[in-house]
Amino acid sequence: MTTNPQDALKKAAALAALDDVVDDSIIGVGTGSTVNHLIDALAGIKSRIRGAVSSSEASAKRLAAHGIPLFTLDDIDTLPVYIDGADEIDPGFNMIKGGGGALTREKIVAAISRRFVCICDASKQVATLGRFPLPVEVIPMARAHVARELTRLTGGEPKLREGFITDNGNLILDVHGLAITTPAALETTLNQIVGVVTNGLFAQRGADVLLLATADGVKRTERPL
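Everything numeric in this text was worked out from a predicted model, so none of it was measured.

## Observations concerning the pairing of strand β7 (residues 116-121)
Among the 6 residues that make up β7, 6 are buried, leaving the element largely enclosed by the rest of the structure. Side chains Phe 116, Cys 118 and Cys 120 of β7 all project onto a buried face; the interleaved residues Val 117, Ile 119 and Asp 121 project onto the opposite face, where all are buried too. Here strand β4 (residues 82-84) runs beside β7; their pairing, made up of 3 bridges, is parallel. Within β7, the position partnered with Ile 83 by the bridge is Val 117. Examined bridge by bridge, β7 and strand β13 (residues 209-214) share 5 bridges and lie parallel to one another. Pairing of Val 117 across the sheet is with Val 209, part of β13.

## Here's the deal with the sheet that holds β4
A sheet is described by the order of its strands in space; here 7 strands give the open sequence β3-β2-β1-β4-β7-β13-β14, paired in mixed fashion. Two strands lie at the open edges of the sheet, namely β3 (70-71) and β14 (217-222), each paired on one side alone. Running over the sheet, helix α4 (residues 103-111) touches β1 (26-29), β2 (51-54), β4 and β7 and is turned about 145° from β4.

## With respect to the sheet that holds strand β12 (residues 201-202)
In space, the 3 strands of this open sheet follow the order β5-β6-β12, with antiparallel pairing throughout. Of all strands in the sheet, those with a lone pairing partner are β5 (88-89) and β12, marking the two edges. In terms of strand pairing, strand β6 (residues 95-96) meets β12 through 2 bridges, oriented antiparallel. Bridge pairing in β12 places Met 95 opposite Phe 202.

## With respect to the packing of aromatic side chains
Across all of its chains, the model carries 1 aromatic pair by this definition. When the centroid spacing of 5.0 Å and the interplanar angle of 55° are considered together, the rings of Tyr 82 and Phe 116 count as tilted. Note that Tyr 82 is positioned in strand β4 and Phe 116 in strand β7, a separation of 34 residues in sequence. On the accessibility criterion, Phe 116 (0% relative accessible area) is buried. Its guanidinium or amino end placed over the ring of Phe 202, Lys 107 lies 5.0 Å from that ring's centre, counting from NZ or CZ.

## Observations concerning unusual backbone geometry
At Asp 24, a residue that is not glycine, the phi angle is positive and equals roughly 55°. Residue position: Asp 24 is located in the loop between α1 (5-16) and β1. With relative accessibility at 59%, the residue Asp 24 sits in the exposed group. Phi at Phe 93 is positive, roughly 70°, even though this residue is not glycine. With respect to the helices and strands, Phe 93 occurs in the loop between β5 and β6.

About the cut-offs
- Residues numbered from 1 in each chain as written.
- Predicted model: local features only at pLDDT ≥ 70, side-chain atom pairs only at ≥ 80, totals over all residues.
- Heavy atoms only, no water.
- Buried < 20%, exposed > 50% of the residue type's maximum accessible area, 1.4 Å probe, protein only.
- Helix = DSSP H or I, 4+ residues; strand = E, 2+ residues; numbered from the N terminus.
- Pairing = 2+ DSSP bridges.
- Contact = heavy atoms within 4.5 Å.
- Axes fitted to C-alpha atoms, helices over the stretch in contact; angles between N-to-C directions.
- Phe/Tyr/Trp six-rings, centres within 6.5 Å; stacked < 30°, edge-to-face > 60°.
- Lys NZ or Arg CZ within 6 Å of the ring centre and 35° of its normal.

Set out below in structure tokens:
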């Protein structure tokens, strides 16, 4: 069976994140293909942790299948570490997330975590965010209004993610054609649109650590001060 080279890099980044797992603690776990490798690896060390808080129903099912206890945010006050991927990450460790549609729950878990470890392959590192369409989670009745406001405020082109409903029962508008030079400010602006649940910019709370898988190995860097 031939291994996809990009998938091999994703797995390498995920395995490197095991060094950030805090023994006898509850771990925040994200969503996506790279995180799936992390969840499978956590199964091998599940005796070291109390369990996990998941950012999506899909990840929760995978964790449960491995016998890893699941907790909700009502059960805890804080998490020592949250490990998740990114669709894009810039030099300031600002990210676009939400390609899998779990951006709102991901943002909530990240907000209560003391440390955010981003795991991804080198293709996700960009100089300027926006090549990957920016996901925006929207209350269904506000879809048209939000789309107009997104166009007015960003100059981008919002497109409905067809056939997709979030775990929260909402829609996703993916905004194409952006070059995001002030991600923290844009994150705030877009979240003020009535009908927006949240957007996929993770700048107000970006990553603290980047584990970037390259052909030369996994490179670990800390968020710039």
